[in-house]
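Remarks on the overall topology
Chain by chain, the residues run as shown.
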Amino acid sequence: MGGSGGGQARANQEAGEQQANAAQNVGRLQSDTALTTSEMRARAIEQAGLIGSQNSGINLSGVIEDRQVAGDEALQFQRDAFDQATELLDPFTKVGDQSLQALEEGATTEGFAKRLTDIMDGAAFQGLRDERLRASDSAASARGLNRSGSAIQAASDISTSTAMGLDSELMRRQLSNVNIDLQASNQLARFSKGFADSSGQITLGTANDIGGLRARQAASAAAAGAANNSARARSIIGAANARADGLDSSAFFLGSGEMGAAQARSMGLTGAEQARADARQARNNNIQAGVTAVAMVFASDERLKENMHKIGKIANLTWYEWDWKEEYRGMAGCEMMTGFGASEVQAKYPDCVQFVGDIKVINYPRLHDQLQNKLQTGVAA
């Protein structure tokens, strides 16, 4: 589980970094689009104003056509930029949609049961279940018993607990993907709004400019001098306003890109740290579950018992009877109320005692072989 948590942390952080890069790319793309569009509009306005001031009263149909072409090119540039941004963010939304569907399916009783069934029917999980059953058989054999129902139940419980842990890890990964999808969708929504606003401004600006050209074309020759000066002034002001609008839009989009990148990286780092914390907690839970399961089958640590009484000796070891402490009663493997003390076995047969966490556990098969050899050879304690 620790490895899974580390992998999830890296996946969250990498996804955050990828989305941050995408947000910055979208911001730069929007900025470049705004600058290019405003410059194209400014030049068209300047050209129209220059021709209008020099030729007021003449036919400006060519100028009007050029202005319309410039507006159409600016709109196409905006559409191309929007398509590129959508392509950058589309992978994040697709992964998120798939994960959201999986989460919705797993939220029902039938869906949750199917997820567990799919996990437990896998080849890797069957190997883990077989390993638990073999451990239960070994424990029963060490006590001279056949496989007990409690031991089988314990193996089954461990399998179910492990499957639910794997399912929880899978759900955390899917939830992380949904969060990434949400960030990508928000960024795409902001860019869509910017695209709509810019397209509207271009369309309105084109219409206004063409309207102004047609108005000048209809001006009378008597007002030619005044019209010339007015046309030139309007073209200068219009071009300056267009460039100013472009700079403002560029700064806004660059800032939005950087903010989106920062938010994406923050989400990635937060998700990574949460995944590591979840992995550490899951590992602690698994260790505790392993200690409890193994202790109940093999443990003879005196700290788990109370009311210990000597009832005899086998070879050079004392045989005890005892009661399990309250917190261990009723668990699988607690039927055995007699056996050796782990500390005494550790002192005389240290290779027959090992630790699970800080609990002393006797390897009964190995101890049985050594005691049998001692009894057969008649070696004194």
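The residue numbering used here restarts from 1 in each chain and proceeds along that chain's sequence as written. Selection of residues for local features in this predicted model requires a pLDDT of at least 70, selection of side-chain atom pairs for listing and counting requires 80 or more, and totals for whole chains, interfaces and linings are taken over all residues. Side-chain metrics in this entry use all non-hydrogen atoms of the structure; hydrogen atoms and water are not considered.

**Concerning the overall build of the protein**
Worth spelling out the cut-off: A run of H or I in DSSP counts as a helix once it spans at least four residues, and a run of E counts as a strand once it spans at least two, with each numbered from the N terminus. Here the term buried applies to any residue with accessible area under 20% of the maximum for its type, exposed to any over 50%, and partly exposed to those in between, with areas from a 1.4 Å probe on protein chains only. Residues are treated as being in contact if the distance between any of their heavy atoms lies within 4.5 Å. Here the open area of atoms and residues is found with the Shrake-Rupley method and a 1.4 Å probe, where only the protein chains shown may cover a residue.
The secondary structure content of the protein amounts to 8 helices and 5 strands. Each helix (α) and strand (β) of the protein, taken in turn from the N terminus, gives the series α-α-α-α-α-α-β-β-β-α-β-β-α. Taking all 381 residues of the protein together, 38% fall into the buried category. If you take every contact in the protein between residues at least 6 apart in sequence, the share linking residues at least 24 apart comes to 74%. Put simply, the protein shows about 20,300 Å² of open surface, and 55% of that area lies on carbon and sulfur atoms.

**Section: the sheet that holds strand β1 (residues 305–314)**
Let me state the cut-off plainly: Should DSSP find at least two bridges between two strands, the strands are regarded as paired.
Strands sit in the order β1-β2-β3 across an open sheet of 3 strands; the sheet is antiparallel. This sheet does not close on itself; its edge strands, each paired only once, are β1 and β3 (338–339). Relative to β3, strand β2 (residues 317–324) runs antiparallel, the two being bridged by 2 bridges. Directly across from Y320, in β3, lies its bridge partner G339.

**What about helix α8 (residues 364–377)?**
Spelled out, the test is: Working rule for helices: expected span equals 1.5 Å times residues minus one. The directions from the helix axis to the C-beta atoms are what the arc is built from. Pairing of N or O atoms within 3.5 Å defines a polar contact, subject to two protein rules: one partner must be a possible hydrogen donor and the other a possible acceptor, and residues neighboring in sequence count only if both atoms are side-chain atoms.
Across its 14 residues, α8 extends 20 Å between first and last C-alpha, which sits within 8% of the 20 Å expected from 1.5 Å per residue. Within α8 the residues assigned to the buried category are Y364, L367, L371 and K374. One side of α8 holds all its buried residues, which, seen down the axis, span an arc of 90 degrees. The N-terminus of α8 is capped by N363, whose side-chain oxygen sits 3.2 Å from the backbone nitrogen of R366.

**Focus on unusual backbone geometry**
Most peptide bonds adopt trans geometry, and most residues besides glycine take a negative phi value. Its identity as a non-glycine residue notwithstanding, N307 has a phi of 60 degrees, on the positive side. If you trace the backbone, N307 turns up in strand β1. In this structure, A315 takes a positive phi of about 55 degrees despite not being glycine. Take A315: it is sitting in the loop between β1 and β2.

**A short note on the confidence of the model for the protein**
Condition: Confidence scores here are pLDDT values: one per residue, from the predictor, ranging 0 to 100.
When pLDDT is averaged across the protein, the result is 76; 76% of the residues are at 70 or more. When mean pLDDT is taken per element in the protein, helix α7 (residues 342–348) scores highest with 93 and helix α4 (residues 123–142) scores lowest with 66. Segment residues 290–297 is flagged for pLDDT under 50; beyond a separation of four residues in sequence, or across chains, it makes 20 contacts in the model.

**Notes on the pairing of strand β5 (residues 359–362)**
Of the two faces of β5, both are covered, the one formed by I359 and V361 as well as the one formed by K360 and I362. Of the strand pairs in this sheet, strand β4 (residues 353–356) and β5 are connected by 4 bridges, and their pairing is antiparallel. Paired with F355 across the bridge in β5 is K360. Counted along the chain from β4 to the antiparallel partner β5, the turn is 2 residues long, and its residue G357 has a positive phi close to 65 degrees.

**Side note on the pattern of salt bridges**
Rule in force here: A pairing counts as a salt bridge when a side-chain nitrogen of Lys or Arg comes within 4 Å of a carboxyl oxygen of Asp or Glu.
Scanning the entire structure with this criterion turns up 6 salt bridges. Taking the shortest distance from any N to any O, the salt bridge between E39 and R243 comes out at 2.9 Å. In this pair, E39 is assigned in helix α1 (residues 2–54) and R243 in helix α6 (residues 224–298), connecting sequence segments 204 residues apart. Under the relative-accessibility criterion, E39 is labelled partly exposed at 22%. According to the relative accessible area criterion, R243 is partly exposed, its value standing at 29%. For R67, the salt bridge is made with D209, and the minimal N-O distance between the two is 2.8 Å. Of this pair, R67 sits in helix α2 (residues 61–106) while D209 sits in helix α5 (residues 149–217), and the two are 142 residues apart along the sequence. Comparing R67 with D209, the two get one shared label, buried. Through salt bridges with shared partners, a single network forms among E39, R43 and R243.

**A short note on the pairing of β2**
Note that β1 and β2 share 7 bridges and pair antiparallel. Bridging across to β2, K310 finds its partner in Y320. The loop that links β1 with its antiparallel partner β2 comprises 2 residues; one of these, A315, has a positive phi angle of about 55 degrees.

**Considerations on the packing of aromatic side chains**
Rule in force here: Stacked, tilted and edge-to-face are the three classes applied to pairs of Phe, Tyr and Trp rings, where Trp contributes its six-membered ring and a pair requires centres within 6.5 Å; stacked means planes under 30 degrees apart, edge-to-face means over 60, and tilted covers the rest.
Taken as a whole and judged by the stated rule, the model has 4 aromatic pairs. Taking 5.4 Å as the distance between ring centres and 65 degrees as the angle between the ring planes, the aromatic pair formed by F252 and F253 counts as edge-to-face. Judged by relative accessible area, F253 falls into the buried class, the value being 7%. Centroid distance W319 to F340: 4.8 Å. Interplanar angle 90 degrees. Geometry classified as edge-to-face. One end of the pair, W319, is in strand β2; the other, F340, is in the loop between β3 and α7, with 21 residues separating them in the sequence. The class of W319 is partly exposed, set by a relative accessible area of 23%. Residue classification places F340 among the buried positions, given a relative accessible area of 4%.

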